[in-house]
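Working through the structure, step by step
This is what each chain is made of:
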Amino acid sequence: MIAPDDSTSRHFIREIIENDLKAGKHKTVVTRFPPEPNGYLHIGHAKSMCLNFGLAADFGGRCHLRFDDTNPETEETEYIEAIQRDIRWLGFDWGQHLYYASDYSERLYQYALELIKLGKAYVCTLSTEEFKDYRGVPTRPGKESPWRNRPITESLELFQRMREGKEAEGAYVLRAKIDMASPNMHLRDPVLYRINKTPHHRTGTTWPIYPMYDFAHCLSDSIEGITHSICTIEFEVHRPLYDWILDVLKVPCHPQQIEFARLNLSYTIMSKRLLQELVNSKVVAGWDDPRLPTLAGLRRRGYTPEAIREFCRRVGVTKVNSLSDVALLEHCLRDDLNKRSHRVMAVLNPLRVVLENYPDGREETFEALNNPEDPSAGARRVPFARVLFIERDDFQENPPPKFFRLAPGRTVRLRYAGFITCQRVIKDPATGAIKELHCSYQPPAPKGQAPEGSKVKATLHWVSATHALQAETRLYDRLFTKENPADEADFKACLNPASLQTVSAWIEPNVRGAQPGSRYQFERLGYFCVDPDSTDDKPVFNRTITLQDTWAKIQQAQRISTCKMSKS
RNA sequence: UGCCGGAUGGUGUAAUGGUAGCACAACAGACUCUGGAUCUGUUUGUCCAGGUUCAAGUCCUGGUCCGGCAACCA
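Sequence order sets the numbering: in each chain, residues are counted from 1 along the sequence as written. To read the labels, note that chains go from A and ligands from 1, taken in the order they are written. Totals for whole chains, interfaces and linings use all residues, but because this is a predicted model, local features are given only for residues with pLDDT of at least 70 and pairs of side-chain atoms are given and counted only at 80 or more. The basis for the side-chain values is all heavy atoms of the structure; hydrogens and waters are excluded.

**Some details on the overall build of chain A**
Inclusion rule: In this description a helix means any DSSP run of H or I spanning at least four residues, a strand means any run of E spanning at least two, and both kinds are numbered starting from the N terminus. The size measure is the radius of gyration over C-alpha atoms, and the globule rule it meets is 2.2 Å times the number of residues to the 0.38 power. For every residue, the accessible area (1.4 Å probe, protein chains only) is compared with the maximum for its type, and the residue is labelled buried under 20%, exposed over 50%, or partly exposed between those bounds. Residue contacts are defined here by distance: any two heavy atoms, one from each residue, within 4.5 Å place the two residues in contact.
Summing up its helical and strand segments, chain A has 14 helices and 25 strands in all. Computed over the C-alpha atoms, the radius of gyration of chain A is 31 Å, more than 25% above the 24 Å expected from 2.2 N^0.38 for a compact globule of 568 residues. If one aligns the C-alpha atoms of chain A with their principal axes, the spans along those axes are about 100 × 50 × 50 Å. Residues classed as buried in chain A amount to 50% of the 568 residues present. For chain A, long-range pairs separated by at least 24 residues make up 71% of all intrachain contacts whose partners lie at least 6 apart in sequence.

Rendered as structure tokens:
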């Protein structure tokens, strides 16, 4: 159970808002979530959404969804749809407040004209190379453009020509007139508008000029009456420019920009560029590949929105760059899935078991709890017969210490179905490989207690060989072998070759007809989710996450200690 | 060598001058028809050096280290 922990849901941004409200600076809270439609949303965006939508909801305000679509080169309608789908899935709602920066084109253009008239902006004729040269470097001031003092009327005329499409891309830009010697690079007469004739996914060829982020964002915020404009810390150095524009122009309001540290997650990448690269190079199957931290990928993998939101709550909000442990995300996931998933039995790596004393042709069913954590989930019946499959890992001919599953002469419990004792191990005479086990069977006692005097320490999952449904399972592991792949010289060099294993499985027939997205716990194995690739005759299950596996830990510890012993 | 941020256990975070707390991870135990879940316990921390103060993670000074900033991207 996740105990409510108020200490982690309180943070400095909430405090700022509380104080603003208390001081009467605002009557309500208006935030915005401003994705650029040039890629899919990932769990880092989830943190931002939890902040913006969450804070607005907590204070009874509203959160706008605004597409920051001011760059026609990279943006596409596909992304607009995917982004909305993902936000809704995560559980957030923008109501009527869906906006596009591109809808503000005319107003933004008028603001730009205003800026020129105020003598605070000018059209600059410098080429890109010259521009770079004049800008200087952080440690040394830049030089003023020779066009800086171009007459206002000339700038006005040129800017209008730019807008009418009469000028070539790169020929001119509109620049703010601030301070070429500023230690803040963003104040060195930043570009406000550039010419770009690429058709825009929404406005087509109506606009041959596009505002830069710094110009469009603060004004869009102001136009929408945003009170708190929350963004990530790389925009901290942009804040003086955000404020400059809103101070110089006559605008509806002046929102407060507040920065927080973006989310980084161990063993994965969050950069849109790198994600795009994995998708383009077909390293993964698409933006919704279940190994990706995209919301579409996590959804397909079987993550719940609740688990993601709880994770975001628990990592907190600060201005410190950090790398959050993916184990916390996984913990939140297991915690949620444990409470809600129906249990079912499935065998991934089958070992045939023949019950010597169980009549051939006889069948019966045993009642099994759908979810021991939730009595209201009810029960189901699982078919049982003479030939079963158990997990190959659950038998060892020469059991190591602490292995208390099945072994020759040993008795174990079958989940909900009684007990078996291993009598004989049948091997392939040619290879020596274990073919099947012959066991004696003892039906279950009323409460499942072990037979008097026996030392039954394990309970195994099983399926009836004739009744089991064959399915494909996709076993996922982390995509990368390094904690912070983005730090590597070549992030693709640390891809985990075993991040996906496709394995066929035998599943109890109760899952027949399960719809894509349905989640189950395969007892003792992990949580699985029906993939959209499923067909009527062949379901496909994605392994969302394994169960905690104490035995695996013991084994690993044993391996390490034998390794040490052989070394010394 | 410029400017802006930041630094609390392995990780993430809290403590708003007054007992350094929580979660994850790790480890140990209890319980259990999932070696699951649950419960209990243990280990581990204020970047450094000075100063102010009865008292400093918190305030001051100096340093160290880390992140960001030099797209006509966002």
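**A look at the sheet that holds strand E19 (residues 459-460)**
Cut-off, in case you're wondering: For two strands to be treated as a pair, DSSP must find at least two bridges joining them.
Taken together, 7 strands build an open sheet; the order of strands is E19-E16-E17-E18-E12-E15-E20 and the sheet is mixed. Two strands in the sheet have a free side with no partner beyond their single neighbour: E19 and strand E20 (462-464). Relative to strand E18 (residues 434-442), strand E17 (residues 418-427) is paired through 8 bridges, and the arrangement is antiparallel. Bridge pairing links Thr421 to Ser440 in E18.

**A few points about the sheet that holds strand E7 (residues 209-211)**
Note the cut-off: Axis definition: a line fitted to C-alpha atoms, over the contacting stretch in the case of helices. Angles run 0 to 180 degrees between N-to-C directions.
Judged by pairing direction, the sheet is antiparallel, and its 4 strands sit side by side in the order E4-E5-E6-E7 without closing on themselves. A strand with exactly one partner marks an edge of an open sheet, and here the two such strands are strand E4 (121-124) and E7. Each adjacent strand pair in this sheet contributes to an overall mean axis angle of 20°, direction not counted. Here strand E5 (residues 173-176) runs beside strand E6 (residues 191-195); their pairing, made up of 3 bridges, is antiparallel.

**Examining the packing of aromatic side chains**
For any pair of aromatic rings, geometry is given as the distance between the ring centres together with the angle between the planes. We apply this condition: Note on aromatic contacts: the rings of Phe and Tyr and the six-membered ring of Trp form a pair at centre separations within 6.5 Å, being stacked when their planes are under 30 degrees apart, edge-to-face when over 60 apart, and tilted otherwise.
Evaluated as defined, the whole model comprises 22 aromatic pairs. Considering the side-chain rings of Tyr40 and Trp287, the 5.1 Å spacing of their centres and the 10° angle between planes classify their relative orientation as stacked. Of this pair, Tyr40 sits in the loop between strand E1 (30-33) and helix H3 (43-58) while Trp287 is found in the loop between helix H10 (272-280) and helix H11 (295-301), placing the two residues 247 residues apart along the sequence. Taking relative accessible area as the criterion, Trp287 reaches 8% and is therefore assigned buried. Taken together, the ring pairs in this structure connect Tyr109, Phe159, Tyr193, Trp207 and Phe215 into an aromatic cluster.

**Some words on the layout of surface pockets**
Let me state the cut-off plainly: Throughout, the protein atoms alone are placed on a 1 Å grid, and a set of points is a cavity if a 1.4 Å probe fits but cannot get out or a pocket if it is open with protein on both sides within 12 Å along at least five of seven lines; lining residues have an atom within 4 Å of a point. Grid points are joined across faces, edges and corners, and a volume is the space filled by probe spheres set on the points. Under the scheme applied, nonpolar residues are Ala, Val, Leu, Ile, Met, Phe, Trp, Tyr, Cys and Pro; charged residues are Asp, Glu, Lys and Arg; polar residues are all the others, including Gly. An automatic or database domain assignment supplies the residue ranges for each domain.
Within this model, the largest pocket holds a volume of roughly 1300 Å³. In terms of lining, the largest pocket is formed by 35 residues, of which the most central are Arg524, Leu547, Gln548, Asp549 and Ala552. Going through the elements one at a time, E19, strand E25 (540-546) and helix H14 (550-567) are the ones with two or more residues in the lining of the largest pocket. The element best represented in the lining of the largest pocket is H14, accounting for 8 residues. Residue composition of the lining of the largest pocket, grouped by class: 11 nonpolar, 10 polar and 14 charged. Taken as a whole, the second largest pocket encloses approximately 1000 Å³ of empty space. Surrounding the second largest pocket, 38 residues form its lining, His45, Thr232, Glu234, Phe235 and Arg262 being those nearest its centre. Listing elements by their share of the lining of the second largest pocket, those giving two or more residues are E1, H3, helix H8 (213-223) and strand E8 (228-232). In terms of residue count, H3 provides more of the lining of the second largest pocket than any other element does, 4 residues in total. Built from parts of two domains, the lining of the second largest pocket gets at least three residues from each of domain 1 (12-265) and domain 2 (272-340 + 472-556).

**Some thoughts on the domain arrangement of chain A**
Quick reminder of the rule: In short, buried area is how much 1.4 Å probe accessible area vanishes from two parts on joining, totalled over both. Here, a salt bridge means any Lys or Arg side-chain nitrogen found within 4 Å of an Asp or Glu carboxyl oxygen.
Assigned domains of chain A: these are domain 1 (12-265), domain 2 (272-340 + 472-556) and domain 3 (343-467). The C-alpha-based centres of domain 2 and domain 3 are spaced at 29 Å. In this assembly, 24 residues from domain 2 lie in contact with 29 residues from domain 3. Summed over both partners, the interface of domain 2 with domain 3 buries about 2200 Å², with 55% contributed by carbon and sulfur atoms. At the boundary of domain 2 with domain 3, the tally comes to 3 salt bridges. Residue Arg524 pairs with Asp394 through a salt bridge whose shortest N-O separation is 2.2 Å. Of the residues assigned to the side of domain 2 that touches domain 3, the class counts are 14 nonpolar, 5 polar and 5 charged.

**Quick look at the environment of Pro240**
Topologically, Pro240 is positioned in helix H9 (residues 239-248). The partly exposed category is assigned to Pro240, whose relative accessible area is 37%. Taking the C-alpha atoms as reference, Pro240 lies 69 Å from Leu406; in sequence the two are 166 residues apart. Those residues in contact with Pro240, other than ones at most four positions away along the chain, are Asn184 and Leu187.

**Let's talk about the environment of Thr125**
Note the cut-off: Think of a polar contact as two N or O atoms within 3.5 Å of one another; within protein, one of them needs to be a possible hydrogen donor and the other a possible acceptor, and neighboring residues in sequence only count if both atoms come from side chains.
In this fold, Thr125 is placed in the loop between E4 and helix H6 (128-135). For the pair Thr125 and Pro399, spaced 274 residues apart in sequence, the C-alpha to C-alpha distance is 80 Å. Setting aside its immediate chain neighbours within four residues, Thr125 contacts Trp147, Arg150, Ala171 and Tyr172. There is a polar contact of 2.4 Å between the side chain of Thr125 and the side chain of Arg150.

**Comments concerning helix H7 (residues 152-163)**
Short version of the rule: Helix span is expected to be 1.5 Å times the residue number reduced by one.
For H7, spanning 12 residues, the distance from its first C-alpha to its last is 16 Å, which sits close to the expected 16 Å at 1.5 Å a residue. The inward-facing, buried residues of H7 contact helix H5 (105-117), E4, E5, E6 and E7.

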